[in-house]
Amino acid sequence: MYSRRKQRKNGLKLYGLIVVLLLFLQLFIVTNGVHAGFEGDRNIITESGQFIQTEPAVASYGGNVYAVWSDYRNGYSGIYFSYSSDAGNTFLQNQKISDLQGGNQISPAIAVNDSGSISVVWEDISTGKIRIVGNGDVSKPWGFSSIIDSSAGANGQQKNPAIAADSSGVYVVWEDTRSENVVDLWDATGTSEDRVSLSSPVLKAKYSPDGAKVAIVQKGSDSIEIYTVSNGSTSVLSGHTAQVNDIAWSPDSSSLLSVGSDKKAIIWDVSSASALKTIDGYSVAGTCAWSPADNYIAVGFNGIAQGPSSPPRDVNISLYDTSGVFYGNLTGHSMPPSAISWAGNGTCLASSSTDTHLIIWNAASRTIVKNLQTFIPLYAVSYSPDSTMVATGG
């Protein structure tokens, strides 16, 4: 069931709701300008002492690299910031940017717009709300944070924010556990809000790159709902026979990739709500990603895979061209991949896994560019928009 409502909002431009897992992260930054070879990881913590840092996020602008994380050095979790003006080689003194004392602040996310202004959001556990603070000049002190949406009420819990920014504004999404099963959508001007009401909790909700549609997966559902932002109309993509676990849009927004517990990956034509290609996998398909260059799709399987005319082998990621023709397997993880992220030019992709490894792959040669072992299971990975850095955590 869907319903829509309009409400005036000022200031921020909010674009949707996504459901993500609450992760405890350990920071590793890997820098690379041209994907020819990755350098070593950098230590962002400039102060001496034993601190616990979790949940990192990074952004870049020009030659500057910006990082935020949760930090327990004061006996409670605050949000800290540091930046590098030499492309990530050295980082300046850490700054605490969450202005509240006590009451843990967690799950930070950061974005930089095309003029270099920085915005950071995080979850305030004490109030159950998402807070935001901005800074147009990192040489000056940070201001006070503010709550983005106070309408959830005392019993609402807002979690796991994500943020993006451009010349038009700042866009924030989060998981919301208020009593309704909803997806909240805000338009680009920040003056209206749509609400999509659902029958079950939301597992995934992803905007199409052109901003015209939202693909929604509910927990326990074997289908995908496509919501059209302009008029509130909906269509349903039906073809899986078990829970849909992940979805990924094509760069031109015309197609959608979905993977499920039925061991299938399906490429959909969104306009006709029809399956263009069904890929029969070899185990549960848990994660997927569509290359921004529109040259490959990647599917993460939770077990043994097999390519055409080749013996079975232990691999966890299979590559296909965008019509669904098998291209090859990526062999390297010893446990199922938890997340996949493509570089912007489609030449490389990164994968994380509970085997504690972050692996950077060359897609064309299907070879490992960098294999970074951490000390914890990894559940998330993301390329920076300029493809020079990868953030991971678990």
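Look up a bit, the structure's there.
A. Representation of the side chain of Asn 329 within the structure. Within the secondary structure, Asn 329 sits in strand E25 (residues 326-330). Accessibility expressed as a relative area gives 4% for Asn 329, which makes it buried. Looking at Asn 329, its side chain comes within polar contact range of the side chain of Ser 318, at 2.7 Å.

B. Geometry of the nonpolar core. Within the largest apolar cluster, 16 residues are counted, with the highest numbers of intra-cluster contacts made by Tyr 66, Phe 81, Ile 97, Ile 110, Ile 118 and Val 120. Secondary-structure elements contributing two or more residues to this core are strand E2 (53-61), strand E3 (64-71), strand E4 (78-84), strand E6 (105-112) and strand E7 (118-124). Filtering out sequence-adjacent residues up to four positions away, Ile 97 remains in contact with Val 68, Ile 79, Phe 81, Val 120, Trp 122, Val 133 and Trp 142. With 13 residues, the next largest nonpolar core counts Ala 265, Trp 290, Val 299 and Tyr 320 among its residues.

C. Here's a closer look at unusual backbone geometry. In this structure, Ala 87 is a non-glycine residue whose phi angle is positive, near 65°. Among the structural elements, Ala 87 can be located in the loop between E4 and strand E5 (95-96). Non-glycine residue Thr 356 carries a positive phi angle of around 80°. When you line up the elements, Thr 356 lands in the loop between strand E27 (348-353) and strand E28 (357-362). A residue is classified by how much of its surface remains accessible, and Thr 356, at 14% relative accessible area, is buried.

D. Quick peek at the environment of Tyr 61. Looking at where Tyr 61 falls in the secondary structure, it is placed in strand E2. Along the backbone, Tyr 61 and Ser 115 are 54 residues apart, and their C-alpha atoms lie at a distance of 8.6 Å. Not counting chain neighbours up to four residues away, the residues in contact with Tyr 61 comprise Tyr 66, Val 112, Asn 113, Asp 114, Ser 115 and Gly 116. A polar contact is formed between the side chain of Tyr 61 and the backbone oxygen of Asp 114, at a distance of 3.3 Å.

E. Summary view of the pattern of salt bridges. Under the criterion given, the structure shown has five salt bridges. The partner of Asp 246 in a salt bridge is Lys 206, with the nearest N and O atoms 3.2 Å apart. Of this pair, Asp 246 sits in strand E18 (residues 244-249) while Lys 206 sits in strand E14 (residues 202-207), and the two are 40 residues apart along the sequence. For Lys 206, a relative accessible area of 28% puts it in the partly exposed group. One connected set of salt bridges, linked through shared partners, spans Lys 204, Lys 206 and Asp 246.

F. Broad picture of the sheet that holds strand E17 (residues 234-238). Taken in spatial order, the four strands of this open sheet run E14-E15-E16-E17, and their pairing is antiparallel. Each having just a single partner strand, E14 and E17 make up the two edges of the open sheet. With direction set aside, neighbouring strand axes in the sheet form an average angle of 20°. Two elements, E14 and strand E15 (residues 213-218), share five bridges in a ladder whose sense is antiparallel. Its bridge partner being in E15, Tyr 207 is matched across the sheet by Val 214.

G. Layout of the pairing of E27. The buried count for E27 comes to six of six residues, which makes it a mostly enclosed element. Neither face of E27 is exposed, since Cys 348, Ala 350 and Ser 352 on one face and Leu 349, Ser 351 and Ser 353 on the opposite face are all buried. Note: strand E26 (residues 337-342) against E27, five bridges, orientation antiparallel. If you follow Ile 340 over to E27, its bridge partner there is Ser 351. The pairing of E27 with E28 spans five bridges and is antiparallel. Across the sheet, Ala 350 pairs through a bridge with Ile 360, a residue of E28. From the end of E27 to the start of E28, which pair antiparallel, there are three residues, and Thr 356 there has a positive phi angle of about 80°.

Here is what the cut-offs are and how they apply
- Residues numbered from 1 in each chain as written.
- Predicted model: local features only at pLDDT ≥ 70, side-chain atom pairs only at ≥ 80, totals over all residues.
- Heavy atoms only, no water.
- Helix = DSSP H or I, 4+ residues; strand = E, 2+ residues; numbered from the N terminus.
- Buried < 20%, exposed > 50% of the residue type's maximum accessible area, 1.4 Å probe, protein only.
- Polar contact = N/O pair within 3.5 Å; in protein donor to acceptor, adjacent residues only side chain to side chain.
- Core = buried A, V, L, I, M, F, W, Y, C linked by side-chain atoms within 4.5 Å.
- Contact = heavy atoms within 4.5 Å.
- Salt bridge = Lys/Arg side-chain N within 4 Å of Asp/Glu carboxyl O.
- Pairing = 2+ DSSP bridges.
- Axes fitted to C-alpha atoms, helices over the stretch in contact; angles between N-to-C directions.

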